[in-house]
Amino acid sequence: MGTNNELKQYDEIINLANSLSSDNLRDEIVTNIYEQSKSICNQTIRYQSPEKLRQTEKLDRIFTSKIFGFPIMLAMLGVVFYITIAGANYPSSLLANLFNWFEGYLTMFFHWIHAPEWLYGVIVLGLYRGTAWVVSVMLPPMAIFFPMFALLENYGYLPRVAFNLDRLFKRVGAHGKQALSMAMGFGCNAAAILSTRIIESPRERMIAILTNNFVPCNGRWPTLILLSSLFMAVGLPKTMGTFVTAAVVMGIVLFGIVVTYFVSWALSKTLLRGVPTHYTLELPPYRIPKFWQTVLRATLDKSLFVLKRAVVIAAPAGMLTWVAANIMIGDTSILMYIVQFFDPFGQLLGLDGYILTAFLFGLPANEIVLPILLMGYLSTGAMTEVEELSAIKHIFVDHGWTWLTALNMMLFSLLHFPCGTTMLNIYKETHSKKWTFVAFALPTSIAIVVTLIVAQVVRGFGWV
Amino acid sequence: MCNNNLISLDQAEIGDCIKIKRLEVTGTMRRRLLDLGFVPSAKVVAVQKSPLGDPIAYEVSQTIIALRKEESSKIFGEVVKNESKTDD
Amino acid sequence: MNQKQTIKIALAGNPNVGKSTLFNTLTGLKQHTGNWPGKTVILAKGSFSYKGKDYTIYDLPGTYSLLSNSTDEEVARDFIVFEKPDITIVVLDATTIERNLNLALQVMEITDQVIICINLIDEAKKKGIIINENVMMDKLGVPVIKISARNKVGINLLLDTIDRMITGNISTTPYQIKYSNEVEEKLKQLIPKMDKIVGDDISPRWLALRLLDGDESILKTYMRRKQMGEGEEKSDGYK
Ligand SMILES: Nc1nc2c(ncn2[C@@H]2O[C@H](COP(=O)(O)OP(=O)(O)O)[C@@H](O)[C@H]2O)c(=O)[nH]1
Ligand SMILES: [Mg+2]
């Protein structure tokens, strides 16, 4: 096959080509193509109303203006959060009631077949409640947030965000398109890792990969929303409360962005030294999305995504947690051994052993951190019923929670190690154990340091 | 308004139309810019500065492309009359 | 065995012209769409049937060119060159045809089996852009179809054209980009030599141009694939 003869011909051709080639050939080729495209277009296309072609330009003068560019960005973020939080409450409790009602029948069924207590525990109190929790707490905010996000995305607003922010990214040695992969991170960090492929320079891409985790994904949103509504908006009338909750969540997200900048900067000064490489960004024309089609598709996609995760991860994790909480060694459960081991360290960070254990057990998916935490707190080892939000607050407060605990749990959730799927994707994309480890260790250390400082400062000043 | 002095793209005022004369970029970036339509004799309009002044968006071959100063300062051309703009 | 083999279709085009939307419309799948360049980073694959024929369709990454300056462009280019889709559909944005046509012309240098889809005609209409697709068809020598992938306009005509192209009822004579006399002269020297090595597998003119441009990777890949064994038309390993 690959005969000598062929190889000789090959060399001959290459040599001939090299001798014929000239430096500015590429310029000529491309210029030629452009000119011929243009001439074909001139013969086939007419522009009736040239002023209409300038609409995008006019809009950009607002969306990326010196004065309004940043305020509009912040306002959009705020509005999206506000609507998500205000809108999710009612469907959440509706779903919770629904699951609760069905649990009654499940219980009856298990009594009727004379199922042993442990089976009832594993299936209903562990598996069923775990899934129910995730679904009723996760689904509504996601089903509201993502359609809004999809509308902005399909309208063409995201590249403008990247355009506005590029200067800042450049200053920290990162790529302007990192803003796009960060935006994807709001949906799912694991998917966002794949989207960093749009960044061609390996150095800047690695920065984008390592920092993507500081954008809260859909598994962490609900934790942020729930905790800030329970602990930060206390004693406020409803609308005001929603407003404060949204403001706190937004503050946390902005803090995540600040950390992203800082870490990007630090990385490009140390592990990933280098100067920013080339950059071109296309700003596509604004296009009004098909409203209902976009909303329905995003809602459906996200709901299916959450449901799938709930069944695949939350269900077995709920079961495992139940088992760990109910198998006794001596008079202490396995779960309690772990909790007690982490407790001193947790306290130091303004958290506790349960919380750290929950984050650890939640490695496969951030969605299950909160349910596992609640399960741990309940002496029976089963997850609580979800109907009443205030009941959840009681459980927290009974275990010594203050607003500091809530704040630090939010911060830890924002900053800690990426979920298992994300790490797997990081490994697949970087082919490197070292960088995957960095992606784990770096955020975790930051989470520890930040919560430690916050806890010490707050306690030092005697604010709690 | 016709002047024969070449300016780089980043020196153009917003609204200026520039006919490209040469690119002083090499390697991949040169190819990328060519592909995007920054070819000699093409006309480019500076359309929008980002809030912090850099990058700047240019209209080239019917598309809006943002370039950082690092690149736009290496593309040279002369200011020509903007045909695509209706006077207002 | 030929009976069951599906027909391979590739979707090429600039970023953001609606390739994924068209892909979704044809296959009923839900590739992620969004108004920013670069969201389709993986080669997506789907299938559909029309008039009793089975098709596999690939959503290539959006690129401005096939001159291979980036991984995306290489993926798109290598797919068209080596996987040899039965038809390559080049999707154009009706509002920026001038820019989009560059890619179409480049695809037409590589393969004859091309259909041009002018997408987003609803947007073009809004902006008062009038496109004479018949004249364009004459100039380009391949079918040109106006569609709106999102509003499902022109899809039937597209499917019909695909069908007729597969059954051999449409023959194409793609527009060839003309270069300066100097370059054409050089091409004349190279092309005859090219024929001996690649035969009909790759367009000799196109390959000669790439070599003149200093890109030897295609010929190298070709030799390697040839050594690994002919007729190996695996497309599943493609990521
Ligand atoms: N108005 C209109 N918008 C469309 C049409 N087809 C696609 N779009 C929109 O164009 C944008 C880019 O589409 P997408 O399929 O993601 O482009 P790709 O990058 O080529 O895959 C999306 O916001 C689509 O909703 C169409 O026929 N009409
Ligand atoms: Mg796409």
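Just so we're clear, the structure is a prediction, and the values are computed from it rather than from any experiment.

Novice: Give a description of the overall build of chain B that names residues and reports values.
Specialist: Scanning chain B from terminus to terminus reveals 2 helices and 6 strands. In chain B, the succession of α and β elements from N to C terminus is β-β-α-β-β-β-α-β. When each of the 88 residues of chain B is scored for burial, the buried share is 56%. Roughly 3800 Å² of accessible area belongs to chain B as shown, and the carbon and sulfur atoms make up 47% of that amount.

Novice: How would you explain the interface of chain B and chain A if you had to name every residue and give the values?
Specialist: At the junction of the two partners, chain B supplies 36 residues and chain A supplies 35 residues. If you look at where chain B meets chain A, you find 5 salt bridges. Between Lys170 of chain A and Asp54 of chain B there is a salt bridge whose closest N-O contact spans 2.6 Å. At the boundary of chain B with chain A, the tally comes to 14 residue pairs in polar contact (both at pLDDT 80 or more). Top element by residues in the side of chain B that touches chain A is helix α1 (residues 27–35) of chain B. It accounts for 8 residues. Pairing geometry for strand β2 (residues 280–283) of chain A and strand β5 (residues 63–67) of chain B, over 4 bridges, is antiparallel. Each residue of the ladder has a partner; that of Leu283 of chain A, found in β5 of chain B, is Ile64 of chain B.

Novice: Would you mind going over the domain arrangement of chain C in detail, with residue names and values included?
Specialist: Residue and element names in this part refer to chain C. The domains assigned to chain C are domain 1 (7–166) and domain 2 (181–237). Listed as interface residues are 12 residues of domain 1 and, on the opposing side, 16 residues of domain 2. Broken down residue by residue, the surface that domain 1 buries against domain 2 is led by Arg77, Phe82 and Glu109, which jointly contribute 42%. The interface formed by domain 1 and domain 2 contains 2 salt bridges. Applying the counting rule to domain 1 against domain 2 returns 4 residue pairs in polar contact (both at pLDDT 80 or more). At the level of elements, α2 (71–83) and α3 (97–110) are the ones that each hand at least two residues to the side of domain 1 that touches domain 2. Looking at the side of domain 1 that touches domain 2, the element that brings in the most residues is α2, giving 4 residues. Residues of the side of domain 1 that touches domain 2, tallied by class, amount to 5 nonpolar, 1 polar and 6 charged.

Novice: Requested: an account of helix α3 (residues 55–63) of chain A, with residues and values cited.
Specialist: The set of residues buried in α3 of chain A consists of Thr56, Glu57, Asp60 and Phe63 of chain A. Summarising the axial view, the buried residues of α3 of chain A lie within an arc of 125°, below the 170-degree limit, and thus occupy one face.

Novice: I'd love a proper account of the sheet that holds strand β1 (residues 7–13) of chain C, names of residues and values included.
Specialist: Residues and elements named next belong to chain C. Here 6 strands make up an open sheet; going across it, the order is β2-β3-β1-β4-β5-β7 and the pairing mixed. The open sheet has two free edges, formed respectively by β2 (44–50) and β7 (144–146), since each of these has just one partner strand. Averaged over all pairs of adjacent strands, the angle between strand axes in this sheet comes to 25°, irrespective of strand direction. Two strands pair when backbone bridges link them, and β1 and strand β4 (residues 87–93) are joined in this way by 5 bridges, in the parallel orientation. Residue pairing in the sheet places Ala12 in a bridge with Val90 of β4.

Novice: Talk me through a nonpolar patch on the surface; I want residue IDs and the actual numbers.
Specialist: Residues and elements named next belong to chain A. A grouping of Trp403, Val449, Ile453, Val457, Phe461, Trp463 and Val464 is seen on the molecular surface, where their side chains present a nonpolar patch of about 700 Å² in accessible area. Top element by residues in the nonpolar patch is helix α19 (residues 433–460). It accounts for 3 residues. With respect to the helices and strands, the residue Ile453 is situated in helix α19. A relative accessible area of 48% places Ile453 in the partly exposed class.

Novice: Talk me through the UniProt feature "domain: Ferrous iron transporter FeoA-like" (unreviewed entry) in chain B; I want residue IDs and the actual numbers.
Specialist: The UniProt feature table records "domain: Ferrous iron transporter FeoA-like" (unreviewed entry) at residues 7–79 of chain B. With 18% helix and 42% strand, residues 7–79 of chain B has its two end C-alpha atoms placed 8 Å apart.

Quick notes on the rules
Residues numbered from 1 in each chain as written. Chains lettered and ligands numbered in written order. Predicted model: local features only at pLDDT ≥ 70, side-chain atom pairs only at ≥ 80, totals over all residues. Heavy atoms only, no water. Helix = DSSP H or I, 4+ residues; strand = E, 2+ residues; numbered from the N terminus. Buried < 20%, exposed > 50% of the residue type's maximum accessible area, 1.4 Å probe, protein only. Areas by Shrake-Rupley, 256 points an atom, 1.4 Å probe, with all protein chains shown as cover. Contact = heavy atoms within 4.5 Å. Salt bridge = Lys/Arg side-chain N within 4 Å of Asp/Glu carboxyl O. Polar contact = N/O pair within 3.5 Å; in protein donor to acceptor, adjacent residues only side chain to side chain. Pairing = 2+ DSSP bridges. Domains from an automatic or database assignment. Buried area = accessible area lost by both parts, 1.4 Å probe. Nonpolar A, V, L, I, M, F, W, Y, C, P; charged D, E, K, R; others polar. Arc of directions from axis to C-beta. Axes fitted to C-alpha atoms, helices over the stretch in contact; angles between N-to-C directions. Patch = residues over 30% accessible without salt bridge, like charges linked within 9 Å, V, L, I, M, F, W, Y side chains within 5 Å. UniProt positions renumbered as here; feature names shortened; annotations may be inferred.

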